[in-house]
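Each chain, letter by letter, is given below.
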Amino acid sequence: MLYLQILVSLFIVIILFKLFKQRQASKISTKSFLLWIILWLIIAVVFWQPDTTSYLANLFGVQRGADLAIYVAIIVILYLLFRIFVRLNKIDSDITKLVREDAIKHAKEK
């Protein structure tokens, strides 16, 4: 288990480093940056102290910590999927608007 913890920790350090680089380049917002930092730090804590999930599971009335981790992961994934869906719809709407404006502009020129 120690090798897996070290491997996951290295992976998390790499991700955190990339997050910091993206934040410095202003590619992500401060809000997104903080949310991702918190998420990855929680993952690190869970890998190094697996009993924390059992403690939290008992607080929420779930029998096992692994079950709680899966429930939370599913909720987070579905939320992120929803955010992606909303953003894609906005991008689609923006592209449609731009193409229409460009078509009208070029039609008036001819």
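The structure under discussion appears in the preceding block.
Read on for a plain summary of the structure.

Thresholds applied
- Residues numbered from 1 in each chain as written.
- Predicted model: local features only at pLDDT ≥ 70, side-chain atom pairs only at ≥ 80, totals over all residues.
- Heavy atoms only, no water.
- Helix = DSSP H or I, 4+ residues; strand = E, 2+ residues; numbered from the N terminus.
- Rg over C-alpha atoms; globule rule 2.2 N^0.38 Å.
- Buried < 20%, exposed > 50% of the residue type's maximum accessible area, 1.4 Å probe, protein only.
- Areas by Shrake-Rupley, 256 points an atom, 1.4 Å probe, with all protein chains shown as cover.
- Lys, Arg positive; Asp, Glu negative; His and termini not counted.
- Charge placed at Lys NZ, Arg CZ, Asp CG, Glu CD.
- Polar contact = N/O pair within 3.5 Å; in protein donor to acceptor, adjacent residues only side chain to side chain.

### Comments concerning the overall build of the chain
Phase 1 of the analysis: Within the chain, the secondary structure is distributed over four helices and zero strands.
Phase 2 of the analysis: Reading the chain from its N terminus to its C terminus gives the helix and strand order α-α-α-α.
Phase 3 of the analysis: Whereas a compact globule of 110 residues would reach a radius of gyration of roughly 13 Å, the chain reaches 21 Å, over 25% beyond that.
Phase 4 of the analysis: Once the C-alpha set of the chain is aligned to its principal axes, its extents read approximately 70 × 35 × 20 Å.
Phase 5 of the analysis: Within the chain, buried positions represent 16% of all 110 residues.
Phase 6 of the analysis: Summed over all atoms, the accessible surface of the chain reaches about 9400 Å², with 70% contributed by carbon and sulfur.
Phase 7 of the analysis: Within the chain, the 7 negative side-chain charges are centred at a point lying 5 Å from the centre of the 14 positive side-chain charges.

### Here's the deal with the environment of Ser-9
Phase 1 of the analysis: Tracing the backbone shows Ser-9 in helix H1 (residues 2-24).
Phase 2 of the analysis: Remark: the alpha-carbon pair of Ser-9 and Phe-47, spanning 38 residues in sequence, is separated by 8.3 Å.
Phase 3 of the analysis: Among the polar contacts made by the side chain of Ser-9, one reaches the side chain of Trp-48 at a distance of 2.6 Å.

### Description of unusual backbone geometry
Phase 1 of the analysis: In the Ramachandran plot, Ser-26 falls in the positive-phi region, its phi being about 60° despite a non-glycine side chain.
Phase 2 of the analysis: Looking at the element boundaries, Ser-26 is found in the loop between H1 and helix H2 (30-48).
Phase 3 of the analysis: What makes Ser-26 exposed here is its relative accessible area of 56%.

Geometric descriptors of this kind do not, in isolation, establish any biological role.
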